[in-house]
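# Inside the fold
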Amino acid sequence: MFRLAVRRLLYSIPILIGVSIICFLLMNVLPGSAAGGLINDQMTDAEKYAAEERLGLHDPLPIRYWDWLVNILQGDLGFSQQRHRDVSELLGQAWANTFILAIVSAVIGVALGILLGFIAGTRRGGWVDKIVSTFSLAGLSIPSFFLGVVLLSVFASKLQLLPAGGWNGMEDGIGGAISSLILPVATGSLVTAGITARVMRAAIVDTMSADFIETLRAKGLSENEVRKHVMRNAISPVLTTSGVQFGYLLGGSVVVETIFRWPGMGTLTYNAISSRDLPVIQGTILIIAFAFVLINLAVDIIQAAIDPRVRGTLT
């Protein structure tokens, strides 16, 4: 298992280097300049040139990329001229807020999806199956922005039971923190629950029709013991989709964070793009890509630990 983890980690290095090159090149072809906060219309051309020269913007691209990469490896993601703060500091605060929202949304969405998918799969064709299928389809079909606005209108504006948005951490106490989480988590976890329920149901139905299930029953195993074997064999595709969903949530659901004024990665990225804050955009893309790689690595290892058949496909 250790060798598998090391091998998968080594495979991820070229991916991260490729992402860093694409990210760096994209930021150099988009409108705007890394020196945007240092330059204004009142400056002369010589002063603008000197400001860009101090940031090394006149050096060849390979040299600029190498300097940028070395700084990143040393933990220096750059400086935001628009916000007058280090990019790592901005990302640290936003990442912590997004992680809280993502982990709660993912746990609730995946747990609910697995439960509903298992119930529907073991009761294929029944009314429970039809209700769960309708719920999962609704979770995939209802846009997050629409659901978020509806929840805000009902629970925050009309009933005034929950806050309309924002996040102050534990400054408002446990009750205030939980109440601030309810609406964005409900909005963000619905899609995850819908996808997980559909994948889980399909995996359960497929496993239940396998020949070894009849063999287990012929050996005298109880129905609960058979379902444990079904769950173990069906969980692998669910882990894969759950990892992707968690990566999506960690990457910052821009719509959810914007609607609920959640100070996370999505909001930071949206504001950085609006103000053409290139160092922040570079940092967010790189961190999100790094998170995706680590999550997929963790999913691969968990899959291999649960299902020995998967180990051969990952080596």
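Keep in mind the model is a prediction, meaning the values are calculated, not measured.

### A closer look at the overall build of the protein chain
Of the regular secondary structure elements, the protein chain holds 13 helices and two strands. Seen through its C-alpha atoms, the protein chain measures out along the principal axes to roughly 85 × 55 × 30 Å. The proportion of buried residues among the 315 residues of the protein chain is 40%. For the protein chain, the share of sequence-separated contacts (at least 6 apart) that also reach a separation of at least 24 residues comes to 73%. Charge separation in the protein chain, taken as the distance between the mean sites of 23 positive and 22 negative side-chain charges, equals 14 Å.

### A word on the side chain of T284
Along the polypeptide, T284 turns up in helix α12 (residues 278-306). Within polar-contact distance, the side chain of T284 engages the backbone oxygen of I281 at 2.8 Å. Sequence-distant contacts of T284, that is, excluding residues within four places in its chain, are made with L91, M265, L268 and T269.

### Comments concerning helix α9 (residues 223-250)
The end-to-end C-alpha distance of α9, which contains 28 residues, comes to 38 Å, matching closely the 40 Å that a straight helix rising 1.5 Å per residue would cover. At I235, α9 shows its largest bend, some 40°, and a proline, P237, comes one to four positions later.

### Some thoughts on the environment of R217
With respect to the element layout, R217 can be found in helix α8 (residues 211-218). Excluding its chain neighbours within four sequence positions, the residues that come into contact with R217 are M208, E223 and V226.

### As for unusual backbone geometry
At Q160, a residue that is not glycine, the phi angle is positive and equals roughly 55°. Classification of Q160 as exposed rests on a relative accessible area of 62%.

### Some details on empty space enclosed by the protein
A complete count under the given rule lists two cavities of 30 Å³ or more for this structure. Lining the largest cavity are T98, L101, A102, S105, G188, L249, S253, V256 and E257. Looking at the lining of the largest cavity, the elements that each hand over two or more residues are α4 (87-122) and α10 (254-259). In terms of residue count, α4 provides more of the lining of the largest cavity than any other element does, four residues in total.

### Regarding the nonpolar core
Generally speaking, soluble globular proteins have nonpolar side chains that are buried together. One finds W68, L91, L268 and V280 to be the most contacted residues of the largest nonpolar core, which totals 19 residues. Taken together, the elements giving at least two residues each to this core come down to α1 (2-29), α3 (61-73), α4, α11 (265-274) and α12. Considering every element that reaches this core, the biggest residue donor is α12, with five residues. Within the second largest apolar cluster, 13 residues are counted, among which are V110, I114, V226 and V230.

### Quick word on the layout of surface pockets
In this structure, the second largest pocket encloses a volume near 330 Å³. Of all elements in the fold, only α1, α3 and α12 reach the threshold of two or more residues within the lining of the second largest pocket. Looking at side-chain class alone, the lining of the second largest pocket contains eleven nonpolar, one polar and no charged residues.

Here is what the cut-offs are and how they apply
Residues numbered from 1 in each chain as written. Predicted model: local features only at pLDDT ≥ 70, side-chain atom pairs only at ≥ 80, totals over all residues. Heavy atoms only, no water. Helix = DSSP H or I, 4+ residues; strand = E, 2+ residues; numbered from the N terminus. Buried < 20%, exposed > 50% of the residue type's maximum accessible area, 1.4 Å probe, protein only. Contact = heavy atoms within 4.5 Å. Lys, Arg positive; Asp, Glu negative; His and termini not counted. Charge placed at Lys NZ, Arg CZ, Asp CG, Glu CD. Polar contact = N/O pair within 3.5 Å; in protein donor to acceptor, adjacent residues only side chain to side chain. Expected span 1.5 Å × (residues − 1). Bend = angle between axes of the 7 residues up to and from the residue. 1 Å grid on protein atoms, 1.4 Å probe; cavity = no way out; pocket = protein on both sides within 12 Å on 5 of 7 lines; lining within 4 Å. Points joined across faces, edges and corners; volume = space filled by probe spheres on them. Core = buried A, V, L, I, M, F, W, Y, C linked by side-chain atoms within 4.5 Å. Nonpolar A, V, L, I, M, F, W, Y, C, P; charged D, E, K, R; others polar.

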